[in-house]
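Fold and contact review
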Amino acid sequence: MSTTERPRILVVGGGYVGLYAARRILKKMRYAEATVTVVDPRSYMTYQPFLPEAAAGSISPRHVVVPLRRVVRGAEVLTGRVTTIDQDRKVATVAPLVGEAYELPFDYLVIAMGAVSRTFPIPGLAEQGIGMKGVEEAIGLRNHVLEQLDKADSTTDEDVRRKALTFVFVGGGFAGAETVGEVEDMARDAAKYYTNVKREDMRFVLVDVADKILPEVGPELGKWGKEHLEGRGIEVYLKTGMDSCVDGHVVLNNGLEVDSNTLVWTAGVKPNPALARFGLPLGPRGHVDAAPTLQVTGTDYVWAAGDNAQVPDLAARKAGVENAWCPPNAQHALRQAKVLGDNVISGMRGFPQKEYSHANKGAVAGLGLHKGVAMIVMGKMKIKVKGRLAWYMHRGYHGLAVPTWNRKIRVFADWTLAMFLKREVVSLGAMETPREEFYEAAKPAPAPAAAAVKSEGEKAKAS
Ligand SMILES: Cc1cc2nc3c(=O)[nH]c(=O)nc-3n(C[C@H](O)[C@H](O)[C@H](O)COP(=O)(O)OP(=O)(O)OC[C@H]3O[C@@H](n4cnc5c(N)ncnc54)[C@H](O)[C@@H]3O)c2cc1C
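Treat the numbers as computed from the prediction; the structure is a model and nothing was measured.

1. A closer look at the overall build of the protein
When helices and strands are counted, the protein shows 14 helices and 24 strands. Relative to its length of 463 residues, the protein is compact, with a C-alpha radius of gyration of 25 Å against a globular reference of 23 Å. Overall, the protein is about 90 × 65 × 45 Å in size when its C-alpha atoms are taken along their principal axes. Within the protein, buried positions represent 51% of all 463 residues. Sequence-distant contacts in the protein: of pairs separated by 6 or more residues, those separated by 24 or more amount to 66%. Approximately 22,700 Å² of the protein is accessible, and the part contributed by carbon and sulfur atoms is 56%. Side-chain charges in the protein split into 59 positive and 52 negative, and the spacing between the mean points of these groups amounts to 8 Å.

2. With respect to the packing of helix α11 (residues 388-401) against helix α12 (residues 405-420)
Two elements in contact, α11 and α12, have axes whose closest approach is 8 Å; the angle formed by their N-to-C orientations is 145 degrees. Contact residues: α11 offers Arg-395, Gly-399, Leu-400 and Ala-401, while α12 offers Lys-408, Phe-412 and Trp-415. For the contact of α11 with α12, the class distribution of residues is four nonpolar, one polar and two charged.

3. Quick notes on the site of the ligand
Taken together, 30 residues form the shell around the ligand, and within it Val-17, Asp-40, Gln-48, Asp-307 and Ala-330 come nearest. Relative to its unbound accessible surface of 1,000 Å², the ligand loses 92% to contact with the protein. Those elements giving two or more residues to the shell around the ligand turn out to be α1 (16-28), β2 (35-40), β5 (76-86), α7 (174-190) and α10 (330-349). Of all the elements, α10 adds the most residues to the shell around the ligand, at three residues. Counted by class, the shell around the ligand contains 15 nonpolar, ten polar and five charged residues. The residue makeup of the shell around the ligand includes at least three contributed by each of domain 1 (8-117 + 270-349) and domain 2 (125-267 + 362-420).

4. Observations concerning the domain arrangement of the protein
For the protein, the assigned domains read domain 1 (8-117 + 270-349) and domain 2 (125-267 + 362-420). A straight line from the C-alpha centre of domain 1 to that of domain 2 covers 29 Å. Both faces considered, domain 1 and domain 2 share a buried interface measuring about 2,800 Å² in area, 56% of it formed by carbon and sulfur atoms. Together, Pro-52, Ala-55 and His-63 form the three largest contributors to the area buried by domain 1 at its contact with domain 2, with a combined 20%. For the pair domain 1 and domain 2, the interface holds two salt bridges. As a salt-bridge pair, Glu-136 and Arg-42 come within 3.3 Å of each other at their nearest N and O atoms. Inspection of the domain 1/domain 2 interface yields twelve residue pairs in polar contact (both at pLDDT 80 or more). Mapped by element, the contributors of at least two residues to the side of domain 1 that touches domain 2 are α1, β3 (44-46), α2 (51-56), β4 (65-67), α3 (68-71) and β9 (115-117). Among the elements that take part in the side of domain 1 that touches domain 2, α2 stands out by supplying six residues, more than any other.

5. Some details on α1
Along its 13 residues, α1 runs 18 Å from first to last C-alpha, staying within 8% of the 18 Å computed at 1.5 Å per residue. Those residues of α1 lying buried are Tyr-16, Val-17, Gly-18, Leu-19, Tyr-20, Ala-21, Ala-22, Ile-25 and Leu-26.

Conventions and cut-offs
- Residues numbered from 1 in each chain as written.
- Predicted model: local features only at pLDDT ≥ 70, side-chain atom pairs only at ≥ 80, totals over all residues.
- Heavy atoms only, no water.
- Helix = DSSP H or I, 4+ residues; strand = E, 2+ residues; numbered from the N terminus.
- Rg over C-alpha atoms; globule rule 2.2 N^0.38 Å.
- Buried < 20%, exposed > 50% of the residue type's maximum accessible area, 1.4 Å probe, protein only.
- Contact = heavy atoms within 4.5 Å.
- Areas by Shrake-Rupley, 256 points an atom, 1.4 Å probe, with all protein chains shown as cover.
- Lys, Arg positive; Asp, Glu negative; His and termini not counted.
- Charge placed at Lys NZ, Arg CZ, Asp CG, Glu CD.
- Axes fitted to C-alpha atoms, helices over the stretch in contact; angles between N-to-C directions.
- Nonpolar A, V, L, I, M, F, W, Y, C, P; charged D, E, K, R; others polar.
- Near = heavy atom within 4 Å.
- Domains from an automatic or database assignment.
- Buried area = accessible area lost by both parts, 1.4 Å probe.
- Salt bridge = Lys/Arg side-chain N within 4 Å of Asp/Glu carboxyl O.
- Polar contact = N/O pair within 3.5 Å; in protein donor to acceptor, adjacent residues only side chain to side chain.
- Expected span 1.5 Å × (residues − 1).

Right, dumping it as structure tokens:
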């Protein structure tokens, strides 16, 4: 961490908002006008809309992340977690990857910590569930699913096999519907390489407490999405919750019980709970309360945007929707970050603040290879597209939206290669414990005396 005479702009979080805001500030800033410091526990920004495709192996996991140090050149990037903020002293406490926590003074503050999975105290959930918020989870899920096929292919125990081939997904929003669509597609495709596993041996279950899936694309496309998934053999249970999942025994509140080694939890998000220690005004659901200028209410040196902020949706309010707030999505996060960056520069120079207003442009979702839904909003018109065309729109939109040309080219290269070479179906589960085999080879042999005593003991036992 550098000490500096210049004012410090501290950006907490290097995700969508943090990355784009820092880039905007660096672009608009005069030479040496301020020090920009970005703190994030990861050294990369994750393009979350690609996580389901990373889990399905359509995109290399490395290509869905963007290295912060490379893309925010000119900023100081610290890998660690901001744990508390003292607003009176304008000092943040940073817990770095290793070593003691330290204090970091700042003059201007950007709160961009995003959201975390929203969970409930359901018995077994913490032990069995896997989320879909980070690339580590996407890689883990892919390895895990393919490992279940390996297990099912090699066992003679019918219960073990059935449990391995049953996959449960809770939450049917963007993240859940896309993940079940992509993973089901990949797993059934992979079945052709297995002697004892057939496509139809697998069971996929999608559960949601709401009465529809994919609310982001509207009721009509949501209904189509549900029927489409059901047409592929995925069981979809709406208005249904999960009561427990202890040891993989999943109990739903509609009476259904299944045994499964795989429980993917995508039942929504909540603002980062660390916000409670930042001394800032919070809304009823834990978001930082921000004005349309993205300034945190009651401050003139703190800005917040993205999934961790409640920002009035001026466009929706203008159209007559009372008390509308910007929904937590990339469309808003990206645009808010740019306005936020400009406002930080204006705030530093004593100029007036701009208000953020953006009318929803629609949404696209992929449900596996060549399948998708898209809703494009053009003024008062909503264009609804489904099937292969919507899938191309999904790919075109996100392929161009992923930050940096480097990543855009790599992602399009992954998709192009996948058209000619077959999808990769190898499970690298051992990657999670890479030192295990070496440890077995290198661990010290037992001392000779101990070995002798043991072998004497073994001899006695044998006789
Ligand atoms: C699977 C999935 C699919 C999605 N698909 C779509 C889609 O198709 N379209 C769409 O519009 N949106 C989509 N979204 C939503 C979109 O990705 C988010 O709205 C967007 O990432 C929000 O940006 P953000 O900057 O607020 O948060 P994030 O991008 O999550 O960034 C938050 C950052 O803060 C960091 N952080 C956390 N705690 C701390 C701390 N204590 N100190 C410092 N840093 C911290 C995190 O490591 C992270 O890098 C999807 C989300 C998911 C999970």
